[in-house]
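# Observations on the three-dimensional arrangement
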Amino acid sequence: MKQAPFIAVEGPIGAGKTTLASMLSTELHIPIIKEIVEENPFLDKFYQNIDEWSFQLEMFFLCNRYKQLEDTGLQYIEKAQPVISDYHIYKNLIFAERTLKGVKLEKYRQIYHLLTDDMPKPDMIIYIKADLDTLLGRIRKRARSFEQEMDPAYLEQLITDYDNGIQFLAKQAPFPKILTVNGNEIDFVENRAQFEQIVSDVKELIQ
Ligand SMILES: Nc1ncnc2c1ncn2[C@@H]1O[C@H](COP(=O)(O)OP(=O)(O)OP(=O)(O)O)[C@@H](O)[C@H]1O
Ligand SMILES: Nc1nc(=O)c2ncn([C@H]3C[C@H](O)[C@@H](CO)O3)c2[nH]1
């Protein structure tokens, strides 16, 4: 593993990615790249009508993340500086494969590969796994209005899609190290010892 790792925190909606990435960034003194959520003009509409708004939403996420990844490459990776992100670019495809169909999915796949195949990829993924009840509880607690009517079946499918997606990524160059965190049982927010165990696992993997 490199001395200046590119770490991505992943997991389905509400798993705790931003929370854990922020805590690790502070603890390890590594700059963080965070997903932009509030300025997204399509999320609200998407949750009201997925079929109608999915292409616009997926393209919006892809363009934003492409720009962030481009900047991350220039500011950190090319200068051999460590960085942590609260997502992996591959999540675009995980979601798009679930929300798009037919010609739009095919067009999206082509654009996704064109934009991202030659971009830097994380060398470590912290994968927060959590079951449906845990995620629904966290989404409720966070209380973003547009997420409150989310269909549990959509979230349940994404849990499986994430398992498959992370397994796929583990086999792709640069063969990222995967640290799986049990988000049902490990409360890195309230339990300091559990958070410190994650920090220690991360340090061991990035040595
Ligand atoms: N391990 C945990 N124990 C208890 N609460 C948690 C834990 N992880 C996250 N939370 C809480 O759950 C909510 C969701 O966390 P967060 O916003 O970090 O999730 P996320 O994975 O980044 O979500 P999204 O997929 O929407 O970007 C927050 O209110 C956070 O405080
Ligand atoms: N459809 C879709 N595609 C994505 O790439 C994507 N990334 C995040 N999200 C949703 C999850 C949270 O509600 C909210 C904040 O993460 O946005 C996405 N939804």
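Everything quoted here is computed from the prediction, not taken from an experiment.

Turning to the pattern of salt bridges, a few remarks are in order. When the charged atoms of two side chains with opposite charge come close together, those side chains can pair. Under the counting rule described, the total for this entry stands at twelve salt bridges. Notably, a salt bridge pairs Asp71 with Lys67, separated by 3.1 Å at the nearest N-O pair. Of this pair, Asp71 and Lys67 both sit in helix α3 (residues 50-77), separated by four residues, roughly a single helical turn. A salt bridge links Arg109 to Glu106, with the nearest nitrogen and oxygen atoms 3.0 Å apart. Highlighted residues: Arg109 and Glu106, both in helix α5 (residues 102-116), separated by three residues, approximately one helical turn. According to the relative accessible area criterion, Glu106 is partly exposed, its value standing at 37%.

We now examine the packing of α3 against helix α4 (residues 91-99). Contact geometry for α3 and α4: axes closest at 10 Å, N-to-C directions at 170 degrees. Relative to α4, α3 is oriented roughly antiparallel. Residues Ile50, Ser54, Glu58, Phe61, Leu62 and Arg65 of α3 touch α4, and the partners they reach there are Lys91, Asn92, Phe95, Ala96 and Thr99. By residue class, the composition of the contact of α3 with α4 is five nonpolar, three polar and three charged.

Attention now moves to the site of ligand 1. Surveying the vicinity of ligand 1 reveals 15 residues, the closest of which are Gly16, Lys17, Thr18, Thr19 and Arg142. Here an oxygen atom of ligand 1 sits 2.8 Å away from a polar atom, N or O, in the side chain of Thr18. Arg144 is positioned such that a nitrogen or oxygen atom in its side chain is 3.0 Å from an oxygen atom of ligand 1. Summarising the interface, the protein chains cover 87% of the accessible area of ligand 1, which totals 640 Å² for the free molecule. Here the shell around ligand 1 is composed, by residue class, of five nonpolar, four polar and six charged.

What follows covers the sheet that holds strand β5 (residues 177-182). Judged by pairing direction, the sheet is parallel, and its five strands sit side by side in the order β2-β3-β1-β4-β5 without closing on themselves. Both edges of this open sheet fall to β2 (32-33) and β5, since each of them pairs with a single strand only. Bridge analysis of strand β1 (residues 6-10) against strand β4 (residues 124-129) gives four bridges, and the strand direction is parallel. In the sheet register, Ala8 faces β4, and the bridge partner there is Ile125. Against the sheet, helix α7 (residues 152-170) contacts β1, β4 and β5, and its axis sits at roughly 160 degrees relative to β4.

A few words now on the site of ligand 2. Around ligand 2, a shell composed of 15 residues is seen, among which Tyr47, Glu58, Arg65, Phe95 and Glu147 lie nearest. The separation between an oxygen atom of ligand 2 and a polar side-chain atom of Tyr47 is 2.7 Å. With respect to ligand 2, the side chain of Arg65 contributes an N or O atom lying 2.7 Å from a nitrogen atom. Isolated, ligand 2 exposes 410 Å² of accessible area, and the fraction of that covered by the protein chains is 96%. Ranked by residue count, the leading element in the shell around ligand 2 is α3, at four residues. Residue composition of the shell around ligand 2, by class: nine nonpolar, no polar and six charged.

Here the focus is the nonpolar core. One finds Ile13, Leu20, Ile126 and Val202 to be the most contacted residues of the largest nonpolar core, which totals 62 residues. Here this core takes seven residues from α7, the largest share from any one element. In this structure, Ile13 is in contact with Tyr47, Phe95, Leu135, Ile139, Arg142, Glu147, Met150, Tyr154, Leu155 and Leu158, ignoring residues within four places of it in sequence.

Cut-offs used in this document
- Along each chain, the written sequence defines residue order, and numbers are assigned to residues from 1.
- Throughout, the order in which chains and ligands are written sets their labels, letters from A for the former and numbers from 1 for the latter.
- Confidence filtering applies because this is a predicted model: local features only for residues at pLDDT of at least 70, side-chain atom pairs given and counted only at 80 or more, and all residues used for totals across whole chains, interfaces and linings.
- Side-chain calculation: all heavy atoms of the structure are included, whereas hydrogens and water are not.
- A side-chain nitrogen of Lys or Arg and a carboxyl oxygen of Asp or Glu constitute a salt bridge if their distance falls within 4 Å.
- Put simply, DSSP marks the helices as runs of H or I at least four residues long and the strands as runs of E at least two long, and each gets a number from the N terminus on.
- The rule is simple: take the accessible area with a 1.4 Å probe, protein chains only, and divide by the maximum for that residue type; under 20% is buried, over 50% is exposed, in between is partly exposed.
- Axes here refer to lines fitted to C-alpha atoms; in helices the fit is confined to the stretch in contact. Angles between the N-to-C directions go from 0 to 180 degrees.
- Each angle is binned into one of four classes, with values under 35 degrees roughly parallel, values over 145 roughly antiparallel, values of 65 to 115 roughly perpendicular, and all other values oblique.
- Contacts were defined at the residue level, with two residues in contact if any of their heavy atoms lie within 4.5 Å.
- Three residue categories are used. Nonpolar comprises Ala, Val, Leu, Ile, Met, Phe, Trp, Tyr, Cys and Pro, charged comprises Asp, Glu, Lys and Arg, and polar comprises the others, including Gly.
- The cutoff for a nearby residue is simple: one of its non-hydrogen atoms must lie within 4 Å of the molecule or strand.
- Residues adjacent in sequence count toward polar contacts only when both atoms are side-chain atoms; beyond that, a polar contact is any pair of N or O atoms within 3.5 Å, and within protein one must be able to donate a hydrogen and the other to accept it.
- Under the convention used here, a 1.4 Å probe and the Shrake-Rupley method define accessible areas, while residue burial counts only the protein chains that appear.
- DSSP calls a pair of strands paired once it identifies at least 2 bridges connecting them.
- What is meant by a nonpolar core is a set of buried Ala, Val, Leu, Ile, Met, Phe, Trp, Tyr and Cys residues, joined one to another through side-chain atoms within 4.5 Å.

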